[in-house]
Amino acid sequence: MNDWTSGYVSELDYTHDFFHDMTPSRMAFSATSRGHRHGLNDQKLSYCELGCGQGFTANLLAAANPHIDVHAMDFNPAHIAGAAELARQAEVPNVTFYERSFDDFEEEANLPKTFDVIALHGVYSWVSRENQKLITAFITRRLKPGGLVYISYNTQPGWASSLPLRRLLTDHAALGNGPLEQRIDDALAFAEKLTDADAGFFSSNPGPLKRLNEMKTMSRNYLAHEYFNRDWTPFHFADVAEDLGRAKLEFLGAANPLDHVDDICLSMPQQQLLAGESNPVRREGLRDVLLNEQFRADVFVRGRLPHTQRGAVGAWFQTPFALARHYGTGPLKISWRNSDVPLDASQYAPVLKILAEGQKTVRELLELGLFSDMTWGDITRMLTILTGAGHIVPCLPSADYAERAARCRIFNLAVCKNAEDSERLGFLASPATGGGVAVDRIEQLFLLAQSEGRSDPNDWAAFAWQILEPQGQRLEQDGRVLDLPEENLAVLRARANAFAARRLDVLAGLGVTLVDTGHSLSQGLTPDAATAKSGAAA
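From a predicted model like this one, the values you see are computed outputs, not experimental measurements. (Residues numbered from 1 in each chain as written. Predicted model: local features only at pLDDT ≥ 70, side-chain atom pairs only at ≥ 80, totals over all residues. Heavy atoms only, no water.)

(A) Seen up close, the packing of helix 6 (residues 180–196) against helix 8 (residues 206–215). The geometry of helix 6 relative to helix 8 is characterised by a closest axis approach of 11 Å and an angle of 140° between their N-to-C directions. Classed by the angle they form, the pair helix 6 and helix 8 counts as oblique. The handedness of the crossing between helix 6 and helix 8 is left-handed. Together, L188, A191, E192 and T195 of helix 6 and L209, L212, N213 and M215 of helix 8 make up the contact between the two elements. Here the contact of helix 6 with helix 8 is built from residues that sort into five nonpolar, two polar and one charged. (Axes fitted to C-alpha atoms, helices over the stretch in contact; angles between N-to-C directions. Helix = DSSP H or I, 4+ residues; strand = E, 2+ residues; numbered from the N terminus. Parallel < 35°, antiparallel > 145°, perpendicular 65-115°, else oblique. Left-handed = near helix turned anticlockwise from the far one by under 90°. Contact = heavy atoms within 4.5 Å. Nonpolar A, V, L, I, M, F, W, Y, C, P; charged D, E, K, R; others polar.)

Below, the structure written as structure tokens:
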């Protein structure tokens, strides 16, 4: 392994994912939910991502937030070259990528003196202790007072039972020769032989056996970075809190809003145990034990500014929301922490139906009388759950929407043009939220077809097939690969009509489009979306 890697996997590139919790508007909502007066609605912000991988999240956030200067670093030159190329293709002027390591990043002359947000996803657990100290030192010097840090990491005690499995796999892979992908396959096959031999570790520990079975179907690129680095640390929360405490940070809350609602995460006896612990750090550690937590995504703050009661209500009033998923009339099924979350349809249905017509602030929802006789606590609880479950999404203020929409169209067109050759980019940018929306390759091809003037979903299907067929791409149905062109076309037509009927209006409401339709935040469907939906219904 080359010295420049510092023990980190470099033979296989990281995946091109987008991480929703790193979106500034979502961080702002999490801060509001925890009663913190954040500064993320300012007109000009600076954002730094440490260990950006392929840089896709940084590129998308920059495109959707022209008011934010985004700076992102990674030690892998292939990652940075690819990220910079996408930035050029998508004409994203407010993102800068740096091929740097943690020990020399601060030497970069173009960095701002301080940042409003510093984010690192999937980094802290996978680097050496020396690099962890360099990260906290960077945060100490570069995070503004009042600034936020997003950090995610593997956690104890959830990983405790699988530590021997990880060691077994990495040791076996280290002994092999050839490409890392093959050595990963060999290591998994060796572990499978142990299960076939009824190894006591697996028979006594069903958790690692389940994890091993899941790993067989995972991307080898993902497995390489998740499991096969030299350094790999599942942390106790208290250890991360102590590290960040040296940078004057304190824990603000979980990045996922669902974890802000204890009664959907914990049983009543568990809640009572947790209520008996007043120390916030010990409380989180106890919570991890109660949930057997294996991965955390947290937000820390440098200088917490609690709202007054009136200020907290005002912050909620000003928060805009948009519909993130199609809603019909049926009941929502929300599951979290292996249990179903009870919600009253008479309470959430009016909210979802009105948001289908366009985004609304909480104040506007109240003025429309949509919450009936619900208490304020019930209202914020419901909105938090709907947000965490992905049915609604917090939005940016309406100012400068037109500029954001124009930037997002250029970015989204570049991503969709990539879909003509591969499926590696699976998210588009939303000017409404400043974040990403999952849109798979076939749906991106449908949007490309629509942008070229095709209004009939059946024509979208034909357009997609003209691209997929020469590449030897075939669809699957019921576990069977479809060989005949007419079978593939039939599935594509069904998908296109379902896309027009169920997704296109939601994407339009989020501003996710490739053409300028004159859509405003208060409107529902774009003209093209309405036409397509009408055609699908016909």
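(B) Representation of the packing of aromatic side chains. This model, assessed by the stated rule, comprises 20 aromatic pairs. Seen from their ring centres, F115 and F138 are 6.4 Å apart, and the 35° between their planes marks the pair as tilted. With a gap of 23 residues between them, F115 in strand 4 (residues 115–120) and F138 in helix 4 (residues 129–142) connect regions that are remote in the sequence. A ring pair is formed by F251 and F300, whose centres lie 5.6 Å apart and whose planes are at 65°; its orientation type is edge-to-face. Note that F251 is positioned in strand 6 (residues 250–254) and F300 in strand 7 (residues 295–301), a separation of 49 residues in sequence. By relative accessible area, F251 is classed as buried at 16%. A relative accessible area of 1% means that F300 is categorised as buried. Among the aromatic residues, ring-to-ring pairing joins F29, W316, F317, F321 and W376 into one connected group. (Phe/Tyr/Trp six-rings, centres within 6.5 Å; stacked < 30°, edge-to-face > 60°. Buried < 20%, exposed > 50% of the residue type's maximum accessible area, 1.4 Å probe, protein only.)

(C) Highlighting helix 10 (residues 237–245). Among the residues making up helix 10, those that are buried are F237, V240, A241, D243 and L244. Buried positions in helix 10, seen along its axis, are confined to an arc of 160° and lie on one side of it. Where helix 10 is buried, its residues contact helix 4, strand 5 (143–154), strand 6, helix 12 (280–291) and strand 7. (Arc of directions from axis to C-beta.)

(D) View of the nonpolar core. Judged by nonpolar contacts, the single largest core of 115 residues is most densely connected at Y47, F56, F97 and F411. Non-local contacts of F56, meaning those with residues more than four positions away in its chain, are made with H16, D17, F18, L86, F411, V415, L425 and F427. Core analysis: the next-biggest nonpolar cluster, separate from the first, contains 29 residues, L120, I151, F237 and L249 among them. (Core = buried A, V, L, I, M, F, W, Y, C linked by side-chain atoms within 4.5 Å.)

(E) Seen up close, unusual backbone geometry. Going from Q156 to P157, the amide bond is cis rather than trans, its omega being 10°. Tracing the chain through its elements places P157 in the loop between strand 5 and helix 5 (163–175). At D400, a residue that is not glycine, the phi angle is positive and equals roughly 65°. Tracing the sequence through the fold places D400 in the loop between strand 12 (392–394) and helix 17 (401–418). According to the relative accessible area criterion, D400 is partly exposed, its value standing at 44%.

(F) Structural detail: the pairing of strand 2 (residues 68–74). Most of strand 2 sits out of view: six of its seven residues are buried. Where strand 1 (residues 45–50) meets strand 2, six bridges bridge the pair, whose relative direction is parallel. Directly across from L50, in strand 2, lies its bridge partner M73. Taking the sense of rotation as the criterion, the β-α-β connection linking strand 1, helix 2 (residues 56–64) and strand 2 turns out right-handed. Strand direction decides the pairing type here: strand 2 and strand 3 (residues 95–99), joined by five bridges, are parallel. Counterpart to M73 in the pairing with strand 3 is Y98. Regarding the hand of the β-α-β motif, the stretch spanning strand 2, helix 3 (residues 77–89) and strand 3 is right-handed. (Pairing = 2+ DSSP bridges. Right-handed = clockwise from strand over helix to strand, strands pointing away.)

Read these as spatial facts, not as claims about activity.
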